[in-house]
Each structure stands twice: as C-alpha cells, then as structure tokens.
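Structural overview for review
Each chain is listed here by its residues.
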Amino acid sequence: MAFRLKVTKTNGREYAAIVENIYSKQRHGSSSRTVRTYGDLVKLRHKEPNIDEEIRKEVARLNADAEAANQAWVNRHLQSVDLVREKALKQVNYGIAFYRKIWESLKLHTWFDRAKRNSRGAIKYDLEQTVFLLAAMRILRPMSKSKTFSAKDELVFDFSNLTLDDIYNSLDVLADKKTTVIANLNKNLEEIYARVKTIAFYDVTTFYFESFDSDELRARGMSKENKINEVQVVLGLLVDGEGIPIDYELFRGNTSEMNTIIEVVNNYKMKNRLQRVTVVADRGLNSHLNLKSLTNLNFDYIVAQSINRLTENIREKVFSDDNWDEVLVSSDNSETFKVKTLNQSSSSELDNKIIVTWSAKRQAHDLKVLNERFEKCRKLLEKGTGAVNASIKHGVRQFLKIKKGTKVEYSSNEELYKKRQKQAGYYALITSHKNTDAMQIYRDLRNLWHIEECFRVMKTNLDARPVYVWTPKKIRGHFLVCYLALVMERLAHYRIEQAGIDLSGQKIIELLGQARMTILEQDKTKKTLYLKQGISADANKNNEYTDTVDNLMRVVGIDPPAAIEDSIGLARKLKVSSNMKLVI
C-alpha cells in the first residue's frame, strides 16, 4: 500500500485529499480509496497557512506506519514459512517485470492498445498483452508459439485470457503493422537516449527453416549457417552507434546480400528526412554498383575493402613500409598498430580514399588461422583424392589445386599460402569522407561489432531460428516479434551498462529467467502470498545473484520484492499497470 496527496481542480478551485493505493482483487489491478479529505485548499490556507506542509507530513507518517506494519507482517510470516509451504500453489517467474518496464518505457503498451481500438472490433483479443508475452518470452525462454502459450501460466503476470489462436492471429496483425510499429519504436527511443541518426551500420544474415518448400519468401540460397538444402530468408539489419536496432527488412531466401543495402538505407533516410547519412558496412556489401548508388543518393560510406580486389599498383602501396600516418609502439619499442591513407580512389568513377591499417595482434591471429588451415590441407592430401573430394570445408580446400596434367590429383597451393602470409595483419577500408581523420574512420568501422552482436543475440539468446511458422504473413510477424525482443534486450543492456553494472547480455537474461516466486495460500485468511525463491543452491552465489537481480530491477525503477509479499505489496513494488494483472 502507499498513501499520496490527490488534488482535484473543479470550477477553478482546488480540493485536497489523502488517498491510499490498494490492490483490487476484483479488478486484478491497482485501485485507490480516500483516507481523508481536506476540502477547499484556498479557504484552508487562509485559516492554516502551514496546511500544505502539514498534509505532506501526514502523508509521510501514514507511509512510514504502513511500511513498519508491512515489515512486521513479513517478519511474522517468515517465521512460519515452513508451515505454509504445504499450501504452495505454483512457482512463477517475476523477472518478466523487468522487461515489462522496458516495454512500457518504449510506450508499446499504449500503441498496441490504440491499434486494437482503431481496429473497430476486428481485433477482439488483448493485442497488447499477446505481443508483450511473445516478445518477453522470446527473451526469457525462446520456444515455439504453442509452447509459449503453454508456459504463460508460469509467469507472475496473468495471461489467462489469451488463447493459442490469439497468439497466431497477432502475427498477421504484426505483419501488416510493421512500418508503423517501427516508426513508433524509433520515436520513443529518441526520447530515451540521444540517438545519432546521421551514421548507421548495416549487415545481412540468413535464417533457416526446418523445411524444403519454397514460396514467395522462403527459398534456398547462400546460407551463412551452412544449411545446404533447407529454405531460408535473408534479413538486412540497420543499427545505430549504441548497437540498438533502427530498422530491418526481410528478403527472399535467394536474394544476394549485395542487392539489399540500397533499399534498406534509402528507406531509413527518407523516413527520417535526413539530408546525408553515413552508411558503415562490411566488405560483403562492398560493390562498385552499391558505392555508386550510395553516392548518387547522397550518402557517405565507410566500407571494408578486400585487399585482393585492389589493383596491383594500390596493393604495392598497401604493403609498402613508407607513408604510415601514425605508428603505435609497445614498451619494448616494437610496432603494435599502424595506419596510413592512400589518397587515391578505389575506382576512377568514385571519389573516395583508401585507409590501410596493420595490427600486430591481428597479424598473430591471421597467421594462427592460416597455419591451422594449411596444416589441415596437408593432412587432407595425405588421406588421398577421395578424402579431398568428400571435403566441403572451403577454408581448407582453398589451399588445394589440381596438379598440372591431371584431372583428379591435388597439391597444396604454396603460392596462395605465401600471399596470405604477406597479407596477415593488414586491413583496408574505403570511405567517401576524404577530409576526416583516418583513425576516426577506422573506429567507426570497428563499431560494426554492434551489428554482429545483434545477429549473435538473435540466433543464440533469442533462438530466432529455425523458424516454425510457414505462411509468409506469419513469418513476417514472427520476425517483428524477434525484432521487438532484440530492441528490448539491447536497450536493457544499454541501460544496465549506463548504470555501471558489468554483465553480459546472456547473464542478464539467465538471472532474470531464474528470478522466481512460489505462490502460497494462507491457511486461515486464504490470502495470497508470494515467497521469493533462491537462484543457486550455493549460499554465497545465491546472495550474489539475488542482489544482482535486485539491482537490475532498480535500473528500471522497480523496488525489489521482499522475501515474502502479499498481492498488494508485490503489485506496488512491481509497479503493475492497469492493463497488466498479477496471477493469483
């Protein structure tokens, strides 16, 4: 419970009252009751000049008394907790409350409620609750839609009014509303943190299906997951400098990644009415046609460049020991990092410059991988032609060549091996920013790790594939759910990082997934109680993990639940909104 001052304005007058926030069992949500009324404040102030301060003190006293009474109640029930355990009803996860606050900070609850109202009765179920359940569970416990429906009763919030049909029907709604959902999402993200809109990071990945049937969206194509026979879709993702997604697009599974970038980045630029945007991308998207199109559409670009695709004249300058702009050395005076600018364009039709870096750490890594692959190549040759023909590992086969004068005999490609040795440690990129410092351009390109992390989160933490829905519309709806979950997860990680808490995204999800309570029923009063469960059998780890979960809750404005709570206290601490109810 909590007491507060409520001031009502009527006909130009102010009327004061102290009200108590309570939990309504009938409404399964928050309600209030008037404790004391003061009447017309203007008249009261004439009689008692200090009345405002007196009212504030009274509110503070009532809250202090209520807190003391609640703590006494908690202590009393903790002493008899063993007696009530036999009345345990079930266990529920309360970590979902963390993601509920993230969801509400993005104002998604109001948008989906409005979307239902605007459907003029076409949407009869609770669309907002349905989509929140799908997105939150995609983070906490990713699984199929039917299993998500079955697991809805294992959460601290009440989703009992939803049906499995509601879940599948919501995917069709999401498919139709993608553009407006993302526009609303981006608008609210800009209110949460200072998003820089003039630079965007783009990359592409693939998601496979446990199916071999093609349609307008699913098709066989170049898989990034070595799935040769399964159909797939291609997803192009755009993120900002904080690693939080901006937009995405789905393409048919046989679409070349080269052919995706212009559509996605140009849509972003037009939607946001931006004059100029810098697009940062990996070398897989670096083609002459793409760079020319970006230039014509008034984009700047920073893209990784394959050294092998540079002209021989430019490659000589890359490997030259001359003209390094900056050289960093270690304590023993050995070189660790170098950068230089080649003030010439990668093509006669493009106005850009080439930047080259060399890193001792990268060289050691490149040589390690190179030698491992070349050694595997030698061992494969020793096994004979049959083993070579059966091998599908491109990383190894690239160092094999057919002997001259034969059709089936192989030998190691020593020339390619020496070429790769020479290239070890070098990295090239091209940019249209001709007057920007080379190190700044390199740092911008290095931020591509954010988008790689997004793909890792989608495929590992959110388990977005394999995909188990089949119609194009439901596939599109599924990926919007995954996108919403990704935005929530990345925003949560950003806010936790800003709060000075050092945790990986995986650990955050793991701890919140283990934040559980047992629902108890009191013997005499039949009052519902919520008993906080341990996270680890190890006492020290349990204390550490529980404290961490409490700190995570505080980041989003939730008061951590005590060891035992009643429904009123828990609803107050979790800040349950009117359209979300506690399970009882």
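Treat the numbers as computed from the prediction; the structure is a model and nothing was measured.

Description of the nonpolar core
- In terms of nonpolar packing, the biggest core is built from 115 residues, with Phe98, Tyr99, Phe112, Phe157 and Leu237 touching the most fellow members.
- The contact partners of Leu237, leaving out residues within four places of it in the chain, are Phe201, Tyr202, Asp203, Pro245, Asp247, Tyr248, Ile451, Cys454, Phe455, Tyr483 and Leu486.

Quick word on unusual backbone geometry
- The backbone phi angle of Asn323 is positive, close to 65 degrees, even though this residue is not glycine.
- On the secondary structure map, Asn323 appears in the loop between α11 (312–319) and β10 (326–329).
- Residue Asn333 is not a glycine yet carries a positive backbone phi of 70 degrees.
- Among the secondary structure elements, Asn333 is positioned in the loop between β10 and β11 (335–342).
- Judged by relative accessible area, which is 62%, Asn333 ranks as exposed.

Describing the pairing of strand β12 (residues 353–359)
- Of all seven residues in β12, seven are buried, a share of seventy percent or more.
- Side-chain alternation along β12 places Lys353, Ile355, Thr357 and Ser359 on one buried face and Ile354, Val356 and Trp358 on a second face that is also buried.
- Looking at chain direction, β11 and β12 are connected through six bridges and run antiparallel. What sits directly across from Thr341, in β12, is Ile355.
- The pairing of β12 with strand β15 (residues 426–431) spans six bridges and is antiparallel. Looking at the pairing, Ile355 lines up with Leu429 of β15.

Quick word on the confidence of the model for the protein
- Mean pLDDT over the protein stands at 88; residues scoring 70 or higher make up 93%.
- With pLDDT under 50 throughout, residues 82–86 is counted as low confidence; its partners more than four residues away or in other chains account for three contacts.

Considering the packing of aromatic side chains
- Counting across every chain of the model gives 13 aromatic pairs.
- Taking 5.4 Å as the distance between ring centres and 45 degrees as the angle between the ring planes, the aromatic pair formed by Phe337 and Tyr442 counts as tilted. One end of the pair, Phe337, is in strand β11; the other, Tyr442, is in helix α16 (residues 438–446), with 105 residues separating them in the sequence. Grouping residues by exposure puts Phe337 and Tyr442 together as buried.
- Of the aromatic side chains, those joined through ring pairs into one cluster are Trp103, Trp111, Phe112, Phe132 and Phe159.
- Above the face of the Tyr248 ring, Lys178 is positioned so that its terminal group lies 4.6 Å from the ring centre.

Quick word on the sheet that holds β11
- Spatially, nine strands are ordered β7-β6-β5-β8-β9-β15-β12-β11-β10 in an open sheet, and the strand pairing comes out mixed. Of all the strands in the sheet, just β7 (245–252) and β10 have a single pairing partner and so form its edges. Within the sheet, the average angular offset between the axes of one strand and its neighbour, ignoring direction, is 20 degrees.
- The pairing of β10 with β11 spans four bridges and is antiparallel.

Calculation rules
- Residues numbered from 1 in each chain as written.
- Predicted model: local features only at pLDDT ≥ 70, side-chain atom pairs only at ≥ 80, totals over all residues.
- Heavy atoms only, no water.
- Core = buried A, V, L, I, M, F, W, Y, C linked by side-chain atoms within 4.5 Å.
- Buried < 20%, exposed > 50% of the residue type's maximum accessible area, 1.4 Å probe, protein only.
- Contact = heavy atoms within 4.5 Å.
- Helix = DSSP H or I, 4+ residues; strand = E, 2+ residues; numbered from the N terminus.
- Pairing = 2+ DSSP bridges.
- pLDDT = per-residue confidence, 0-100.
- Phe/Tyr/Trp six-rings, centres within 6.5 Å; stacked < 30°, edge-to-face > 60°.
- Lys NZ or Arg CZ within 6 Å of the ring centre and 35° of its normal.
- Axes fitted to C-alpha atoms, helices over the stretch in contact; angles between N-to-C directions.

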